[in-house]
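# Secondary and tertiary structure notes
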Amino acid sequence: MKTAESTASNPEMSTARTQISRIPDDAVEVDFHAEREQRPDIWQTALEYSVEISEAGRPDLFLVDASGEIPANCSLAEREDGHVGWCSCAQFEDHGVCVDLCAIRQAAVIDDVSIPSVARD
Ligand SMILES: [Zn+2]
């Protein structure tokens, strides 16, 4: 007889997520919570823009069109200790976070996109 016992090992990740095995080598830790506190302007700008996010061929890859100029190539995944991301834009190069990554995070909150999870290596 089968038992329908659920192991519920990690209640914080109750929604089924796409698992990916690796992220780009250049990806860095992104602490959105801290960014919101320390650089609310970037987070706020992302909220105010009308942003178009398209999937770009892999679960962690997104094409983000925030400013109507050149769309940014982003990678964003969730690790047990936070997010890791990368973006092609200059703001990310300067700050390690950018409007595009914030926009993806914001879209994920309302389930517009889903951020995959990646195991720590
Ligand atoms: Zn960016």
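Fair warning: this is a prediction, and the values are worked out from it, not measured in the lab. (Residues numbered from 1 in each chain as written. Predicted model: local features only at pLDDT ≥ 70, side-chain atom pairs only at ≥ 80, totals over all residues.)

It is worth spelling out unusual backbone geometry at this point. The phi dihedral of D111 falls on the positive side, at around 65°, and the residue is not glycine. With respect to the helices and strands, D111 occurs in the loop between α4 (99-109) and β7 (117-118). (Helix = DSSP H or I, 4+ residues; strand = E, 2+ residues; numbered from the N terminus.)

Most of strand β5 (residues 72-79) is tucked away: 6 of the 8 residues are buried. Where strand β4 (residues 61-65) and β5 come together, 4 bridges link them in antiparallel fashion. Within β5, the position partnered with L63 by the bridge is N73. Hairpin geometry of β4 and β5 is characterised by an intervening segment of 6 residues between the two adjacent antiparallel strands and by a positive phi of about 80° at G68. Looking at chain direction, β5 and strand β6 (residues 82-87) are connected through 6 bridges and run antiparallel. Bridge pairing in β6 places L76 opposite G85. Hairpin connection from β5 to β6: 2 residues lie between these consecutive antiparallel strands. (Buried ≥ 20, exposed ≤ 12 C-beta atoms within 10 Å, placed from the backbone. Pairing = 2+ DSSP bridges.)

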